[in-house]
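What the coordinates show
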Amino acid sequence: TCGICVEKCPFDAIEIINLPQELEDDPTHRYGENAFSLYGLPVPESGKVTGLLGPNGIGKSTAVKILAGEITPNLGRHDDEPSWEKVLDAYRGTELQDYLEAVRSGDISVARKPQYVDQIPDQFGGTTRELLDQTDERGVLDDLVDRLSIRPVMDQSIDSLSGGELQRVALAAALARDRDFYFVDELTPYLDISQRVTAARIVRELAEAEDKAVLVVEHDLAVLDMLADSIHVAYGEPSVYGVVTPPKSVRNGINEYLRGYLDNENMRIRPEAITFEEHAPRPASREETLISYPDMTKSYGDGEFTLTVDGGVIHQNEVLGVVGPNGIGKSTFAQLLADDIEPTSVGGEEGADLDIGLDIAYKPQYVEADQPIRVDAFLSSITDDFGSSYWNTEIGDPLQLERILEQNLTDLSGGERQRVAIAATLSKDADLYLLDEPSAHLDVEQRVLATRAIRRFAENRETTVMVIDHDIYMVDLVSDRLMVFDGEPAAHGRASTPQAMRSGMNEFLANLDVTFRRDENLGRPRINKPGSQLDKQQKRNGEYYYTT
Ligand code: ADP
Ligand code: ADP
Ligand code: MG
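Here's what I pulled together on the structure shown here. For clarity, every value in this text was computed on a predicted model and none was experimentally measured. (Residues numbered from 1 in each chain as written. Chains lettered and ligands numbered in written order. Predicted model: local features only at pLDDT ≥ 70, side-chain atom pairs only at ≥ 80, totals over all residues. Heavy atoms only, no water.)

It is worth spelling out the pattern of salt bridges at this point. Under the defined criterion, the tally for this structure stands at 34 salt bridges. Here R177 makes a salt bridge to E137, at a shortest N to O gap of 3.0 Å. A residue pair is termed long-range when its members are at least 10 positions apart, and R177 in the loop between helix 7 (163-175) and strand 5 (181-185) and E137 in the loop between helix 5 (128-133) and helix 6 (141-147) qualify at 40 residues. By relative accessible area, which is 22% here, R177 ends up partly exposed. With its nearest N and O atoms 3.9 Å apart, the salt bridge here joins E210 to R138. Taken as a pair, E210 in helix 8 (residues 193-210) and R138 in the loop between helix 5 and helix 6 lie far apart in primary sequence, 72 residues in all. Overall, the relative accessible area of 21% leaves R138 in the partly exposed class. Here the salt bridges do not stand alone but share partners, grouping D225, R251, D519, E520, R524 and R526 into one network. (Salt bridge = Lys/Arg side-chain N within 4 Å of Asp/Glu carboxyl O. Helix = DSSP H or I, 4+ residues; strand = E, 2+ residues; numbered from the N terminus. Buried < 20%, exposed > 50% of the residue type's maximum accessible area, 1.4 Å probe, protein only.)

Next up, the structure:
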């Protein structure tokens, strides 16, 4: 080991990582002897959105509690009575001095969008309207309700809302407040891309137009990129220690993160870089058919929702990305292929059967864990390979399962359950692997590792994987071809036939009216400002994503 990790290195790092300089100084806060310590703090700034980029368990919530005045940091001397006087002494002359002085005098008020919106119904019994009405401190609630498309669920009870609806309600509730400091702990879970872009624009406007300080934790890098004015990277060893770097420009922060090396800190945080291609992947020369499926439809109820599928072909050994708005029929399509539901019509013929005749391993969008058994017992029940060096290298290690193998399925967090579900699906013997929203609940580092694990799995096993996801970087990095869904959410959807990445991205992003430029350095895609030169030019050329 490199001397800092107490457990097995999640990256299989061979390089020796230097002990970070910061660790020789006193921490900002330590919860107790041998307990988690936080080094550094993010700097909230009026009129700006500050991003915090890093894994879960690295101290992000701890930092926010300090900035909100809920924890007086003890500067690592946890047996002393902490005092703001000592803290201010330590931060005198830094960018944080003014802010912390205001915290000490009790002059900072905070509004917060919590990370786990699924827990809101446990804490609040009424309707959406009842929840939101008490938050309308700036007189902008009506506008937020419209822009976040909450109007249709205003009189629904909170416990009947979907994840995406809850997320938008929670965001509106936090942003409607009139406070000095806003903390948004993940903006994008459960939201589709157009909802992500809208939510990001609303947060930006709050900072810019109202001169508020906003701190955002976000794991979708394309969204973080358009959202933040500056970025702190947080790194370390989750639940042991975390270091928050001084602010970096958004571009450098994300690029350094992807490269796996922090320049000013002189720190390697990952052995390999993540790189993007500016051109679409070349079509494979040999394309054998795994499945050829016909035109079909699926209606629910009395046709309240109808999905129309254009027939198509899924190739052997490809990763097929699937994109489209929420409520458009993506999961329905996956369930049709998995034979979990029956189509309404096949090839125009009502009541006909769809007989794919393949073994399909399916990870549903909502992962349930109701069996009170341990993770290792659960995974051994799926594959005899469990625990073999092959299984560890291909599945266990990249999905960081080692430290949770002895826990019960029912005790896992959302991100842990997701990783176990991906592992369980990939451990099955099947012709086609269907992963419905694998990025949900994963932090940024886990997304990077999971993306690579899925890609490697498809290549090494020469098998076929279909990945439905809203994280555009994940879709880009993992897919060979793309399937695009469009239509009117909750009314009707159309699934287009699988196509090449370039035309697929163009079709998908034209529906959204969003274009991407490329970072000069890493070729990383970045969302263009609407109406900018590049945005207009790329739309004229019909090139929304790949630029060469
Ligand atoms: P993040 O927000 O980045 O996920 P947190 O700040 O919530 O991280 O937690 C960082 C670490 O500190 C975790 O290992 C957590 O268990 C630990 N921790 C959080 N609160 C306390 C506390 N009150 N006492 C001891 N440890 C704590
Ligand atoms: P996506 O995966 O693209 O978000 P889904 O396929 O889950 O979309 O759902 C498409 C539409 O069908 C939604 O309006 C959803 O509410 C509806 N729907 C999904 N499953 C059922 C069902 N079993 N019964 C009735 N309506 C359903
Ligand atoms: Mg779905």
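It is worth spelling out the packing of helix 2 (residues 84-91) against helix 3 (residues 97-104) at this point. As a packed pair, helix 2 and helix 3 sit with axes 10 Å apart at the nearest point and diverge in direction by 170°. If you check the angle between helix 2 and helix 3, you find them roughly antiparallel. Listed contacts from helix 3 to W84, E85, V87, L88 and Y91 of helix 2 are Q97, L100, E101, V103 and R104. For the contact of helix 2 with helix 3, the class distribution of residues is six nonpolar, one polar and three charged. (Axes fitted to C-alpha atoms, helices over the stretch in contact; angles between N-to-C directions. Parallel < 35°, antiparallel > 145°, perpendicular 65-115°, else oblique. Contact = heavy atoms within 4.5 Å. Nonpolar A, V, L, I, M, F, W, Y, C, P; charged D, E, K, R; others polar.)

Distances from the magnesium ion (ligand 3) to its protein donors, S331 (OG) and Q365 (OE1), fall within 2.1 to 2.3 Å. Of this pair, S331 sits in helix 11 (residues 330-337) while Q365 sits in the loop between strand 19 (360-363) and helix 12 (375-380), and the two are 34 residues apart along the sequence. (Donors = N, O, S within 2.8 Å, 3.2 Å for Na, K, Ca; no water.)

Another point: the site of ligand 1. In the vicinity of ligand 1, the contacting residues are Y31, F36, N56, G57, I58, G59, K60, S61, T62 and S239. In the environment of ligand 1, a nitrogen atom lies 3.3 Å from a nitrogen or oxygen atom belonging to the side chain of Y31. Here ligand 1 loses 61% of its free accessible area of 570 Å² to cover by the protein chains. Looking at the shell around ligand 1, its residues break down into three nonpolar, six polar and one charged. (Near = heavy atom within 4 Å. Polar contact = N/O pair within 3.5 Å; in protein donor to acceptor, adjacent residues only side chain to side chain. Areas by Shrake-Rupley, 256 points an atom, 1.4 Å probe, with all protein chains shown as cover.)

Around ligand 2, a shell composed of Y300, F305, P325, N326, G327, I328, G329, K330, S331, T332 and A490 is seen. In this structure, an oxygen atom belonging to ligand 2 sits 2.7 Å away from a main-chain N or O atom of G327. Side-chain polar atom of T332 to an oxygen atom of ligand 2: 2.5 Å apart, as the coordinates give it. Against a free-state accessible area of 560 Å², the protein chains account for coverage of 61% of ligand 2. If you tally residues by element for the shell around ligand 2, the top one is helix 11, at three residues.

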